[in-house]
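Working through the structure, step by step
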Amino acid sequence: MVYRIYVEKKADLAHEANVLFGELRNLVGISGLEGVRVINRYDVENIDEELFKKTQGTVFSEPQLDIVTTELDACGGKVFAVEYLPGQYDQRADSAAQCIQIISCGERPTIRTAKVYVLLGNITDDDVNEIKKYVINAVESREASLNKPETLAIDYAIPETVETVDGFITLDD
């Protein structure tokens, strides 16, 4: 079973969201933007519910600084999520998995993270696309689905043949 939680800094401590809001207003020029929320999303598999609940306030968040929820409340804003590309190292997920393994003295769970962005204000779909272009670094990340997966196991098809380019050395520019 996949468990999901959302962790957001309390409003007075949301430095990352405030900096991004300023950049989007001043650098990107999204004048209708009235606020930005940045929420860390954790999907966790291969863990029992009791351990998952125990780690919510120790591994995934700091109760005095963060708000933890199991459902995303977008407050009427436009929402998108960003995750690392397959094969990219996700330090947040790896650190959480290591901590849970130490706490449980058991197997390491599978964890995937994403950053969820909630954009508040009078913004168009074109504005959202501009924001996505600014936020998503295509070299290391991509837009993530907002739906909770059934499993975090990744099944890649293994190619049976590798394409060969004949005469490559003799090709011109």
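Overview of the structure. What you are looking at is a predicted structure, and each value in this text was computed from that prediction instead of being measured. (Residues numbered from 1 in each chain as written. Predicted model: local features only at pLDDT ≥ 70, side-chain atom pairs only at ≥ 80, totals over all residues. Heavy atoms only, no water.)

**Some points on the side chain of Arg37**
Here is the rule we go by: Helix numbering and strand numbering both begin at the N terminus, where a helix is a DSSP run of H or I of at least 4 residues and a strand a DSSP run of E of at least 2. To sort residues, take the accessible area from a 1.4 Å probe on protein chains only and compare it with the maximum for the residue type: under 20% means buried, over 50% means exposed, and anything in between is partly exposed. Two N or O atoms form a polar contact when they lie within 3.5 Å of each other; inside protein one atom must be a possible hydrogen donor and the other a possible acceptor, and for residues adjacent in sequence the pair counts only when both atoms belong to side chains. Only heavy atoms matter for contacts: two residues are in contact if any of them lie within 4.5 Å across the pair.
In this structure, Arg37 sits in strand β2 (residues 33–45). On the basis of relative accessibility, which here comes to 16%, the residue Arg37 falls in the buried class. A distance of 2.9 Å separates polar atoms of two side chains, one belonging to Arg37 and the other to Glu8. Beyond its immediate chain neighbours, meaning those up to four positions away, Arg37 contacts Glu8, Ala17, Asp73, Ala74, Cys75, Val116, Tyr117, Val118 and Leu120.

**A short note on the sheet that holds strand β5 (residues 110–121)**
Which entries qualify depends on this criterion: For two strands to pair, DSSP has to find at least two bridges joining them. Angles shown run from 0 to 180 degrees and are taken between the N-to-C directions of axes, each axis being a line fitted to C-alpha atoms and, for helices, limited to the stretch in contact.
Within the open sheet, the 6 strands sit side by side as β3-β1-β2-β5-β4-β6. Their pairing is antiparallel. In this open sheet, the two edge strands, each paired with only one partner strand, are β3 (66–69) and β6 (141–144). With strand direction ignored, the average angle separating the axes of adjacent strands in the sheet is 30°. Pairing of β2 with β5 involves 12 bridges; the strand directions are antiparallel. If you follow Leu33 over to β5, its bridge partner there is Gly121.

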